[in-house]
Amino acid sequence: MSNAPAKPFVAQHAVPAGVTATRWWWVRHAPVREDGGNIYGQSDIGCDCSDTVVFRGVARFLPKNALWFASHLRRTHQTAEAIWAAGLPMPDALHKDRAFAEQDLGAWQGMNRAAFFAARPAAIASYWFAPAHERAPGGESFNDVFARTVEAIRRITALHAGRDIVCVSHGGPIKAAIAFALGLEPGAGFAFTIDNCSVTRLDHLASDDHSGWRVPMINQQPWIADPSHDKMHQPA
């Protein structure tokens, strides 16, 4: 056997020379238990952060020294605080940006979820409240969510190129971010399941003459090896 040193292993996530990688770590907030079975959308209600095993798993998984963002809704703030309490060093600031809020479902908010869906026409490929173009009365369409999410991604990526960015957000904006990274229409994001507390990573790669996205993981659940935490699986 040769005594020559082995060539270093190069992971698929390696960044080529001359390329700047900005890594977005999206975390969906913890489960909501106080909705009474009703649609909550942008209603500012809390979440259940009691499962310490889940948060320890997420805390071990996320990068240190990242920039942190969240929506203006407190369930994202509570989720971030639970991750820090589980062992991840607290950042200097949690930047709150309304662009990362859940879809404003207007007059649909407060309606019984089961009754709402029972009254809607079947849409096999939707997996959401309505087709992407349909605006909730007094609220937003998913296309609106996509537009504001993409604007914020572009703005923050330009300002903080080369950084790790953790964004604690909601199912809607995370689906929008995935569709954007893959170059898909907004509604194509509906096909992706995003569980509570799951981690989705989207890497923006840019050189002098090219830029694009790489998708290392979607809906990663660091605690998944322990079946006692299946209650965290509430698809968005």
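Nothing here was measured: the structure is a model prediction, and the numbers come from that model.

Thresholds applied
- Residues numbered from 1 in each chain as written.
- Predicted model: local features only at pLDDT ≥ 70, side-chain atom pairs only at ≥ 80, totals over all residues.
- Heavy atoms only, no water.
- Pairing = 2+ DSSP bridges.
- Helix = DSSP H or I, 4+ residues; strand = E, 2+ residues; numbered from the N terminus.
- Core = buried A, V, L, I, M, F, W, Y, C linked by side-chain atoms within 4.5 Å.
- Buried < 20%, exposed > 50% of the residue type's maximum accessible area, 1.4 Å probe, protein only.
- Contact = heavy atoms within 4.5 Å.
- Axes fitted to C-alpha atoms, helices over the stretch in contact; angles between N-to-C directions.
- Salt bridge = Lys/Arg side-chain N within 4 Å of Asp/Glu carboxyl O.
- Phe/Tyr/Trp six-rings, centres within 6.5 Å; stacked < 30°, edge-to-face > 60°.
- Right-handed = clockwise from strand over helix to strand, strands pointing away.

Some thoughts on the pairing of strand E6 (residues 211-220)
Part 1 of the argument: Inspection of the sheet shows strand E5 (residues 199-206) paired to E6 by 6 bridges, in the antiparallel sense. The residue bridging His204 from the neighbouring strand is Trp213, located in E6.
Part 2 of the argument: Following E5, the chain reverses through 4 residues before pairing antiparallel with E6.

Some details on the nonpolar core
Part 1 of the argument: Core analysis: the biggest nonpolar cluster contains 34 residues, and Trp24, Trp26, Phe69, Phe100, Trp108, Phe129 and Phe142 have the highest contact counts within it.
Part 2 of the argument: Listed by contribution, the elements that provide at least two residues to this core are strand E1 (20-28), strand E2 (67-70), helix H4 (142-159), strand E4 (164-169) and helix H5 (171-181).
Part 3 of the argument: Not counting residues within four places of it along the chain, the set of residues in contact with Trp108 comprises Ile39, Phe116, Arg120, Phe129, Ala130, Glu134, Ala136 and Pro137.
Part 4 of the argument: In terms of nonpolar packing, the next biggest core, distinct from the first, is built from 27 residues, Trp25, Ala30, Tyr40 and Ile45 among them.

Focus on the sheet that holds E2
Part 1 of the argument: What the 6 strands build is an open sheet, ordered E3-E2-E4-E1-E5-E6; its pairing is mixed. Unpaired on one side and paired on the other, strand E3 (94-96) and E6 mark the two borders of the sheet. Neighbour-to-neighbour, the strand axes of this sheet turn through a mean angle of 20 degrees, independent of strand direction.
Part 2 of the argument: Pairing of E2 with E4, which is carried by 4 bridges, proceeds in the parallel orientation. Within E4, the position partnered with Leu67 by the bridge is Ile165.
Part 3 of the argument: Set on the sheet, helix H2 (residues 74-85) makes contact with E1, E2, E3 and E4; between it and E2 the angle comes to about 145 degrees.

Let's talk about the pattern of salt bridges
Two side chains carrying opposite charge are able to pair once their charged atoms lie near each other.
Part 1 of the argument: Applying the stated criterion across every chain yields a total of 11 salt bridges.
Part 2 of the argument: Between Arg113 and Asp35 there is a salt bridge, with its nearest N and O atoms 3.0 Å apart. Of this pair, Arg113 sits in helix H3 (residues 113-119) while Asp35 sits in the loop between E1 and helix H1 (52-61), and the two are 78 residues apart along the sequence.
Part 3 of the argument: Overall, Arg113 belongs to the partly exposed group, its relative accessible area being 25%.
Part 4 of the argument: Among the residues examined, Asp35 registers a relative accessible area of 17% and is labelled buried.
Part 5 of the argument: Two residues, Asp203 and Arg201, come together in a salt bridge whose shortest N-O distance is 2.7 Å. Grouping residues by exposure puts Asp203 and Arg201 together as buried.

Things to note about the packing of aromatic side chains
Aromatic rings considered in pairs are described by the distance between their centres and by the relative angle of their planes.
Part 1 of the argument: On inspection of all chains with the given rule, the structure shows 15 aromatic pairs.
Part 2 of the argument: Considering the side-chain rings of Trp128 and Phe129, the 5.4 Å spacing of their centres and the 75 degrees angle between planes classify their relative orientation as edge-to-face.
Part 3 of the argument: Taking the relative accessible area as the measure of exposure, Trp128 reaches 10% and is therefore buried.
Part 4 of the argument: Overall, Phe129 belongs to the buried group, its relative accessible area being 16%.
Part 5 of the argument: Taken together, Trp108, Phe116, Phe117, Trp128, Phe129, Phe142 and Phe190 form an aromatic cluster joined through their ring pairs.

Focus: the pairing of E2
Part 1 of the argument: The alternating pattern of E2 places Leu67 and Phe69 on one face and Trp68 and Ala70 on the opposite face, and all of these are buried.
Part 2 of the argument: Sheet topology places E2 next to E3; 3 bridges connect them, and they run parallel. When the sheet's bridge partners are listed, Ala70 is paired in E3 with Lys96.
Part 3 of the argument: At this point the chain moves from E2, through H2, to the parallel E3, and the crossover so formed is right-handed.

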